[in-house]
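Architecture at a glance
Below are the chains, spelled out letter by letter.
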6 protein chains.
Amino acid sequence: MMTPAHTDYEFPYMEVATFMRAPLSREFSDAEIGLIGIPYDGGVTNRAGARHGPREIRNMSSFMRRANQTSGIAPLDLCRVYDLGDAPTNPFSVEKTVELISGFYRKLHDAGVIPISAGGDHSVSFPVMKGIGFDRPLGMVHFDAHCDTCDDFMDEKFHHGAPFRRAVESGVLDPKRCVQIGIRGSLPTTDFWQFSYDTGMRVITMDEFYEMGVDAVIQEARRVVGDGPTYITFDVDGIDPTFTPGTGTPEIGGFSTYEAQRMVRGLRGLNLVGGDVVEVAPPADPTGNTALVGATIMFEILCVTADAVASRRNDRQAAE
Amino acid sequence: MMTPAHTDYEFPYMEVATFMRAPLSREFSDAEIGLIGIPYDGGVTNRAGARHGPREIRNMSSFMRRANQTSGIAPLDLCRVYDLGDAPTNPFSVEKTVELISGFYRKLHDAGVIPISAGGDHSVSFPVMKGIGFDRPLGMVHFDAHCDTCDDFMDEKFHHGAPFRRAVESGVLDPKRCVQIGIRGSLPTTDFWQFSYDTGMRVITMDEFYEMGVDAVIQEARRVVGDGPTYITFDVDGIDPTFTPGTGTPEIGGFSTYEAQRMVRGLRGLNLVGGDVVEVAPPADPTGNTALVGATIMFEILCVTADAVASRRNDRQAAE
Amino acid sequence: MMTPAHTDYEFPYMEVATFMRAPLSREFSDAEIGLIGIPYDGGVTNRAGARHGPREIRNMSSFMRRANQTSGIAPLDLCRVYDLGDAPTNPFSVEKTVELISGFYRKLHDAGVIPISAGGDHSVSFPVMKGIGFDRPLGMVHFDAHCDTCDDFMDEKFHHGAPFRRAVESGVLDPKRCVQIGIRGSLPTTDFWQFSYDTGMRVITMDEFYEMGVDAVIQEARRVVGDGPTYITFDVDGIDPTFTPGTGTPEIGGFSTYEAQRMVRGLRGLNLVGGDVVEVAPPADPTGNTALVGATIMFEILCVTADAVASRRNDRQAAE
Amino acid sequence: MMTPAHTDYEFPYMEVATFMRAPLSREFSDAEIGLIGIPYDGGVTNRAGARHGPREIRNMSSFMRRANQTSGIAPLDLCRVYDLGDAPTNPFSVEKTVELISGFYRKLHDAGVIPISAGGDHSVSFPVMKGIGFDRPLGMVHFDAHCDTCDDFMDEKFHHGAPFRRAVESGVLDPKRCVQIGIRGSLPTTDFWQFSYDTGMRVITMDEFYEMGVDAVIQEARRVVGDGPTYITFDVDGIDPTFTPGTGTPEIGGFSTYEAQRMVRGLRGLNLVGGDVVEVAPPADPTGNTALVGATIMFEILCVTADAVASRRNDRQAAE
Amino acid sequence: MMTPAHTDYEFPYMEVATFMRAPLSREFSDAEIGLIGIPYDGGVTNRAGARHGPREIRNMSSFMRRANQTSGIAPLDLCRVYDLGDAPTNPFSVEKTVELISGFYRKLHDAGVIPISAGGDHSVSFPVMKGIGFDRPLGMVHFDAHCDTCDDFMDEKFHHGAPFRRAVESGVLDPKRCVQIGIRGSLPTTDFWQFSYDTGMRVITMDEFYEMGVDAVIQEARRVVGDGPTYITFDVDGIDPTFTPGTGTPEIGGFSTYEAQRMVRGLRGLNLVGGDVVEVAPPADPTGNTALVGATIMFEILCVTADAVASRRNDRQAAE
Amino acid sequence: MMTPAHTDYEFPYMEVATFMRAPLSREFSDAEIGLIGIPYDGGVTNRAGARHGPREIRNMSSFMRRANQTSGIAPLDLCRVYDLGDAPTNPFSVEKTVELISGFYRKLHDAGVIPISAGGDHSVSFPVMKGIGFDRPLGMVHFDAHCDTCDDFMDEKFHHGAPFRRAVESGVLDPKRCVQIGIRGSLPTTDFWQFSYDTGMRVITMDEFYEMGVDAVIQEARRVVGDGPTYITFDVDGIDPTFTPGTGTPEIGGFSTYEAQRMVRGLRGLNLVGGDVVEVAPPADPTGNTALVGATIMFEILCVTADAVASRRNDRQAAE
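Residues numbered from 1 in each chain as written. Chains lettered and ligands numbered in written order. Predicted model: local features only at pLDDT ≥ 70, side-chain atom pairs only at ≥ 80, totals over all residues.

A separate point is the relation of the copies chain D and chain F. Between chain D and chain F, which share one sequence, the superposing operator has a rotation angle of 120° and an axial displacement of 0.0 Å; the RMSD is 0.0 Å. Viewed as a symmetry operation, the transformation between the two copies matches a three-fold axis. Ranked by how close their C-alpha atoms come to the rotation axis, the residues of chain D are headed by threonine 242 of chain D, at 3.7 Å. Mapped onto chain F, only 9% of the interface residues of chain D are again interface residues, and the two copies thus contact each other with different surfaces. (Least-squares fit on C-alpha atoms with pLDDT ≥ 70 in both. Contact = placed C-beta atoms within 7 Å.)

Have a look at this one:
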């Protein structure tokens, strides 16, 4: 384990970049929460670039300081959090990558580590879920412009438009406990996301989002997932592309970064068991803003997750 | 006519770029709706670059899929839509360009083609209107930071700040059936847009926009234009420049892309006879987001226009 | 004094760039309002670049025309406004720069010039206040993501996170008449901005901002500062970084440019004695949008300040 | 077949972009030379982005005018040249893409069309050679920083570092008639390109390049390939990355664009049967210069190839 | 006259930007050399943007210090040099702009001011020559990728591809005393620059340039222009576009900046009467390098011209 | 010590970025060569940004593979090389930073570690030399556009234009054993670098560089430094700014990256005791090319230094 030189006066441009300035480690044994990169974009149907996401999110995450000003949560003080490096991937094969990632996350799961990951394109969420949800299906709060529940493209099952269909089919995701927020954009056919509707996922389009308002969306999300184990997956293309131009499949008309932060914070208290931020593709954003948004959302997910982890630990200790 | 290789699995980066992946044609005879580029920016008073708008909008429009998720309209299925190439222009002369464009659109009009154009700076809207509105004055829904109804600059009549004054003076635009939405920014003199007010156009500033709310703005626009033939002209500088930095005369404090989409969709059912998206100047936006916004707004205009065209066709067929 | 060739037909890309196309002068005697650059960024704790702010704000300010469309104020017609060049600075020493700037502004103050400045990082606001507030403490309307009232970093007192603590300690700023709007972001410790709370500054976080709404925030700001002499300081990182990516310490989740304009306009009628726009760092924004936002906000501050200056002049003349 | 509106006064920003403004066609029957895009980058081991190469090369190729000033060759006047659109590809599978591309080029070959292609990463050159070289092995003039003759990575045979090993193994490339120019950069092991040396390819490193001089390099290349059928493959990373930053595997210390042009022109008179320009990855180059270089090199290859095609046609006609 | 605050310690980012930090003046009477911007790009046939050249060249020229290290010439010490602001232009009309510019330069000429200008596109060189060469034809050293001696495009005489044809026809330029260096690129027809050859201009293509070597090119240029009054016109597209991507008509394969500097310095001692640097189009170059090159070349031209001006002054004084 | 997951198939975008993928360590005891970042740019007189150099050089250095193709040197196989993190710095004070850096390097020196550093601006080279040269003066091979031997600016001794004057004055640098290569650019006064000439440094301007040729320059450098302990300092502004636009004080007319590589390789066999690459300022280069150049030059310096270290080790072992 290598502690980065994190001193009181260390400024964001200094030293090797790890996620949130967490110590870098290859050992799973001590970690409660693992921050992991998944540098893979072989599942995209348009612009690649998300393979560079983990490095740039690490870089920008140095802007994150210890405590969340809104909630008061200081995740690295609350839990044992490490940067566990990158998951193994194979840029030439979606199938092999699914195996590599799911195997890696299975080991994390077996070691009792809660993973928070930085993609990579959205195809990586399925193998993550496979690794950590095999023993009981997960609920999901899903921020995205797209439902990502369509079927094969060109005979390929595991592309970035289908992970949650695959996850439901594999039994690792419970569609009744899924909410999808921010859905919009043109479609190849009007029934393109029919799988979501047919399986009972709760789909909240941008039109419905603005009709309901942020607070009602939060309540609806909490209602859907209930108190079962829940995964947060945040595709940055859920946010409007003016905030996040560096992404593979931008769709105008999304929610704002403030609304995103509000919603993630609103998930505090749920039974959170992991999360990811995906589709940050730095080459498409010369300002670096997309990676900053990705890093900040990852920090927000870390805060609510650390709170859940600490809470479960306290419960366990109280029970002993 | 050349059909682009538009197959089910074609991804946005593949093949020659035509508007919305519509077939490319030089023949007007079969078209109900023509998508046309007008690569001209000789009318600008600041940054040029809109001459590159048509190519980049074509490029980004490959992101558009067949169907509008909100309305269900699939314009290329509903009507015969072609990319008819670029209108003729002359970069050295505003006067000659006005003649070239208006002549071209007159031919389209005579062939019964409804044009939806991608500029180019806003000076191109006057010759378009001249070509298609000579036989009866048009109503107009105009999204913009500027009224574009000022008088000559340096003895030049046809610059990009005056098209709608010229259109009213030429009798092709009915000011009583005009609404201008998004007006803001500093002015050379406080009465700079007096022509709009004097002729009875309905001017909705950003302050009034936020007081009214989007739904009321839509209703007001529909009330103003009524059921006469109506043209939609969308200057991307109506949108806030954080969404559309690639434009010649940016003014901060504009509406969002979601609000833009809502408003265009709200024009469904009007008697639409053409439209344009102008002032996309790609060199000023290294992220490419402006052209994506331009392409998406053009798609939204295409959707409501295709609905109107199909509806009129159905009415005609019913009448026969 | 050098009048720029400001003719009716001059377009934004023409001629040497001065702030708002005001005449350039080295003489203080005739000026009522001085527009001044402070090209200094030696106080930053992360990305430098704000030293280039004054040049780019001058450049983009050529987009500003004579009159404010919302308020009707035409500041260069209302007051004698000059571009007075840049304040002296020393890039190698924060201490020497504090002395150089405060000395320069003391001379402006003695000459009766009201200064509106373009930074530079936020460390420059303390020496400005020292120069113009030594004879009576100022009130402050402060737009920012950060309170900037923390203590020394690495034994350095004058960095860009502490100017308002230094100003209160020096007696040039009255904390009871201070309002800080837009506060957000992660913190090194949860009590990082305790000085603001302890001294009675009114801190409005983004959460509170959206709960209150813009109009209530304006009213609260007016209540806090009252009718005493008041300074406006606008850090562009108060605005969301999608609008202003070119800044040293971006924090997602800020207010919009429209909200910023509304708030500055809402300060009309206060007893305004100066203002600044800081932390525009052009190298971090290849679109140039940040400098455009900075220039427009500077123009809005100029409008309400010119109104105050003219009003006080009228009062004085009426009293004679 | 769709002729683009190529008139005397057409400027580079006008109309739909086809390669070199050649007419766009889906028919192979009439073509002597086909210009083809191969939008595929699934074979890369670092930065993706070359999938966007064909569109941007098409875009920039509008700068190319009819005649080569140095040689006087006007390729579109000399031969029947068409833009034949894009070859089919599958972003999810290298194997399937190899089959799709080689099948497509086999059809071109059977129709007697000489292909000049725009990649795409360098993995595409193997299936092209497979399509057009199956009946007799090709010679090759290869410009590149890398020999691209290494073996499998991660059990993948067809990545962008191995195409010419695969081509030799498949019998479509004669290593004795291969010359590789511009080789440089660090290596995983010192014998990384041993296959080139072992099979008798002529490897010219940058050090040798500058020792020999351009004219001697040209002579050596002509000597090596002799008068057999010869393919030109030009990886833009052969050129120094200051000229071509938009590429996946940049290596500093390459040759200049002038030297590149000189070398391609020096291949006039060879028995040329096809060529390609690969590894133009536009997202990594915000200036667009890389695509301009790619388009110009493609034009130079087209000129010498058109000369060869016309010459063979004349020989055939003379023989009849 | 306004002296910029040019002190010993002033760094490049400080203060209002004038050309070479020369004092800004509107008076011609005292100037020996005038530095002038010509913000016009209405003559281009492709990418606009050169209208922004003067501002960015002014900005980057702050990097220039007092003395030329190679020649020892310190032009602002040697002559009275002022930034005289921008020449008048009209973006809507090439014809009017020709009149405005030539009138302005005629006044400079009558006042005895030697002009060194920053364009603007190359169309501006003809009216400059008309203003200063009407009384005796000029010789010319012309650096460019293009001869710029073609005829009308679309009935327009004054576009940026024809200035030197117009100048010869007007009798202000002596073709026998013209040398054109750096010529290259594809052509619409092989005889496109026939006017240059027919009138006896000395055309040095890039191929000839590298055959001759820089020193021989300098000697040839000196031989051609002799000791008559000579104008230097430097189109930055003469340099390879990797150094100057920000230009309207880039052609790969040009000379380097070092070669450019060597050649301009080699003109010392000629009877120089003016010069310009044109076609710097900043929007196409996000690095700013093109404007730096433009500013440095303008400085080099200033150095050799100041030497000539001082020398003629000394000769006059000696003669008195 | 943390070994990065450096496996055979690891591609450049994967995992946490350390210099050259060397293991990250905080312990000096085992290292023969330490790779160190110095993220400081408080000494610059123009554009800041070099504080971000170490992170981006680390990032780009993942492109470096194990072995140098030209020399066959594989530095990480030859010596024990670690990434030792960043040296301590204080952004607010040049004086304190000089103390922090020199103290850190003294400790490295005492531990027997040979340092190769990535700046930071050039002011950092003086404290490095102070730390490692206090016991015997160093020779120096210095690549730069500037001699960096001027005196105080604004009473500041330690800015980035003076490090080698300070080093000579401190007795840690022997001017007779110094060579400065690439000198050019305008100067405040013609004798600005007089200190270099007066103390006997060998100054090779760009003019002399091209007269001599690269091989003669190498021989001259070897002659000057002889066989005493020698330090290599490489300011990337020595290279032409088209290759390295991301730097604080660009001067056109420099040498190429190939020439740079040749020269560094030509120093093999000297008694090398350390080196640095400075003035990489990533914010000024959106292509990332400058950091790639910096990383590659750092790799070249590492190769010749590792060869020297191994050679001295062998000599010592042979002597035992």
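Further remarks concern the packing of helix H3 (residues 94–110) of chain C against helix H4 (residues 125–133) of chain C. Residue and element names in this part refer to chain C. Packing of H3 against H4 leaves a shortest axis separation of 7 Å and a crossing angle of 35°. Note that H3 runs across H4; the crossing there is right-handed. Side by side, H3 and H4 meet where Val98, Ile101, Ser102, Phe104, Tyr105, Arg106, Leu108 and His109 of the first sit next to Phe126, Pro127, Val128, Lys130, Gly131 and Ile132 of the second. When its residues are assigned to classes, the contact of H3 with H4 shows 9 nonpolar, 3 polar and 2 charged. (Axes fitted to C-alpha atoms, helices over the stretch in contact; angles between N-to-C directions. Helix = DSSP H or I, 4+ residues; strand = E, 2+ residues; numbered from the N terminus. Left-handed = near helix turned anticlockwise from the far one by under 90°. Nonpolar A, V, L, I, M, F, W, Y, C, P; charged D, E, K, R; others polar.)

With 209 residues, the main nonpolar core has Met298 and Ile301 of chain A together with Met298 and Ile301 of chain D as its most contacted residues. In contact with methionine 298 of chain A, not counting residues within four places along its chain, are Ile57, Ser61, Ile116, Ala118 and Val277 of chain A. Ile57 and Val172 of chain C together with Ile114 and Ile297 of chain F belong to the second largest nonpolar core, which has 207 residues in total. (Core = buried A, V, L, I, M, F, W, Y, C linked by C-beta atoms within 7 Å. Buried ≥ 20, exposed ≤ 12 C-beta atoms within 10 Å, placed from the backbone.)

Attention now goes to helix H8 (residues 214–225) of chain C. All names here are of chain C. With 12 residues, H8 ought to run about 16 Å at 1.5 Å a step, and its terminal C-alpha atoms sit 17 Å apart, in line with that. Looking at the packing, one finds that the buried side of H8 touches strand S4 (138–143), strand S5 (173–183), strand S6 (202–205), helix H7 (206–212), strand S7 (230–235) and helix H9 (257–265). Residue glycine 226 follows H8 closely and has a positive phi angle near 60°. (Expected span 1.5 Å × (residues − 1).)

Here the focus is the sheet that holds strand S6 (residues 202–205) of chain A. All names here are of chain A. The strand order S2-S1-S3-S8-S7-S4-S5-S6 describes an open sheet built from 8 strands, whose pairing is parallel. Unpaired on one side and paired on the other, strand S2 (81–86) and S6 mark the two borders of the sheet. Taken pair by pair, the neighbouring strands of this sheet meet at an average axis angle of 15°, ignoring direction. Alignment of strand S1 (residues 33–38) against S2, held across 4 bridges, turns out to be parallel. Residue pairing in the sheet places glycine 34 in a bridge with tyrosine 82 of S2. (Pairing = 2+ DSSP bridges.)

Turning our attention to the interface of chain D and chain F. In this complex, chain D contributes 23 residues to the contact, which on the side of chain F involves 24 residues. Here the side of chain D that touches chain F is built from residues that sort into 11 nonpolar, 8 polar and 4 charged.

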